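# Coordinates in review
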Amino acid sequence: MRDALTLYTHPMSRGRIARWMIEETGLPYDGVILDFNTSMKSPDYLAINPMGKVPALVHGDMVITENAAICMHLADLVPHKHFAPEVGSALRGSYYRWMLFLAGPLEAYMTAKFSGHFAPGFSAGYGSDGEVLDVLEGAVSQGPHIVGDRFTTVDLYTAAFLGYYMRIKALEPRPAFERFVEIHQSRPAAIRANEIDNALVQAHPHPMMVASTSHAEH
Ligand SMILES: N[C@@H](CCC(=O)N[C@@H](CS)C(=O)NCC(=O)O)C(=O)O
């Protein structure tokens, strides 16, 4: 029997990215909802993720944190679904490139933008003047898939990431971003994941947000 999978998340968090991915795999899993500032900072959870953040995935007795790592790991568990290009192929290199581009420069840029404090473009991975967004816009404008000609975890992570930041109004919508999100968020697993989290929002409100929309999250 496969080692058990447990997803620790909150319905108004970036844990929605991991939820969508785990729903894509079709693998059975347990979802554990943690609340901000309370159970997310409990000794029991800090023993799992010392950052006290969601999402985290426990697979057997192994902990995986960081959305990008969780998504790539889940893709590897279902190789027949081809969510990740073959190891060693050129496409695999491109897959790593974009996953890490989002997890690194783009996430750092969004955090800097939110706080209003940007590092000098010369040393910051995200460059200057929103270059990182222009580059991503170029990537999502080329077609429905960023890597190769089929849906991969890069498409999921990008669509979930852009959708998340546009919904919380931290990112100004661009037509190319909206189009890309719309294409991929109509996948049955994305719809299912949203329904699961939407149903949990009322019981697990975000301390800093009013849960008003069907896609509310933080
Ligand atoms: N880079 C992380 C970000 C995780 C993160 O910051 N999660 C936020 C929610 S969106 C969180 O758990 N915040 C609670 C806290 O820091 O107390 C990832 O992509 O998994």
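Residue numbering note: each chain is counted from 1, following its sequence as written. Local features are withheld for residues below a pLDDT of 70 in this predicted model, meaning they are given only at 70 or higher, and side-chain atom pairs are given and counted only at 80 or more; totals for whole chains, interfaces and linings count all residues.

## Thoughts on the domain arrangement of the protein chain
Under the domain assignment used here, the protein chain contains domain 1 (5-81) and domain 2 (90-150 + 152-186). A straight line from the C-alpha centre of domain 1 to that of domain 2 covers 21 Å. Taken residue by residue, the interface counts twelve residues in domain 1 and ten residues in domain 2. Secondary structure elements follow DSSP: runs of H or I no shorter than four residues count as helices, runs of E no shorter than two count as strands, and numbering proceeds from the N terminus. For the side of domain 1 that touches domain 2, the secondary structure elements donating two or more residues are α1 (15-25) and α3 (67-77). We call Asp, Glu, Lys and Arg charged. Ala, Val, Leu, Ile, Met, Phe, Trp, Tyr, Cys and Pro are nonpolar, and the rest, Gly among them, are polar. For the side of domain 1 that touches domain 2, the residue count by class is seven nonpolar, one polar and four charged. The domain boundaries here were taken from an automatic or database domain assignment. Note on contacts: each residue gets a C-beta atom placed from the backbone, and two residues are in contact if those atoms are within 7 Å.

## Quick word on the nonpolar core
A set of buried residues qualifies as a nonpolar core if it consists of Ala, Val, Leu, Ile, Met, Phe, Trp, Tyr and Cys joined through C-beta atoms within 7 Å. Field definition: a residue is buried when 20 or more other C-beta atoms are found within 10 Å of its C-beta, exposed when 12 or fewer are, and partly exposed for counts in between, with C-beta atoms placed from the backbone. The biggest cluster of nonpolar side chains holds 52 residues, and the ones touching the most others in it are Met21, Cys71 and Tyr157. A per-element tally of this core places helix α6 (residues 153-167) first, with nine residues. Counting only domains with at least three residues in this core, you end up with domain 1 (5-81) and domain 2 (90-150 + 152-186). Look past the residues within four positions of Cys71 in its chain and what remains in contact with it is Ile17, Ala18, Met21, Thr153, Leu156 and Tyr157.

## Thoughts on the pairing of strand β1 (residues 5-9)
Burial analysis of β1 places four of its five residues in the buried class, which makes it a mostly covered element. Criterion used throughout: strands pair if DSSP finds at least two bridges between them. By the bridge criterion, four bridges tie β1 to strand β3 (residues 56-59) in an arrangement that is antiparallel. Residue pairing in the sheet places Leu5 in a bridge with His59 of β3. Of the pairings in the sheet, the one linking β1 to strand β2 (residues 30-33) comprises four bridges and is parallel in character. By the bridge assignment for β2, Thr9 is matched with Ile33.

## Observations regarding the pairing of strand β4 (residues 62-65)
For β3 and β4, the ladder comprises four bridges, and the chain directions are antiparallel. Residue pairing for β4: Val58 is matched across the bridge by Val63. Linking two consecutive strands that pair antiparallel, namely β3 and β4, is a turn of two residues; a positive phi of about 65° is found at Gly60 within it.

## Considerations on the sheet that holds β1
Strands sit in the order β2-β1-β3-β4 across an open sheet of four strands; the sheet is mixed. Each end of this open sheet is capped by a strand with a single partner; those strands are β2 and β4. Going across the sheet, the axis of each strand differs from the next one's by a mean of 20°, ignoring polarity. Sheet strands touched by α1: β1 and β3. Its angle to β1, the strand with the most contacts, is close to 155°. Between N-to-C directions, angles span 0 to 180 degrees; the directions come from axes that are lines fitted to C-alpha atoms, helices contributing only their stretch in contact.

## Describing helix α5 (residues 131-140)
Buried residues of α5: Val132, Leu133, Leu136 and Val140, and no others. Down the axis, α5 shows its buried residues gathered within 95° of arc, on one side only. Exposed side of α5, more than 90 degrees from the buried face: Asp134 and Gly138 are the residues found there. Think of the arc as the fan of directions from the helix axis to the C-beta atoms.

## So, the site of the ligand
The criterion for a residue being near a molecule or strand is simple: its C-beta atom, placed using the backbone, must lie within 6 Å of it. As a matter of local geometry, the ligand sits amid twelve residues, with Ser13, Arg14, Lys53, Val54 and Asn67 nearest to it. A class-by-class count of the residues in the shell around the ligand yields four nonpolar, four polar and four charged.

## Quick notes on α3
Turning to α3, its buried residues number three or more, namely Asn67, Ala68, Ile70, Cys71, Met72, Leu74 and Ala75. Looking at the buried side of α3, the elements it contacts are α1, β3, β4, α4 (90-115) and α6.

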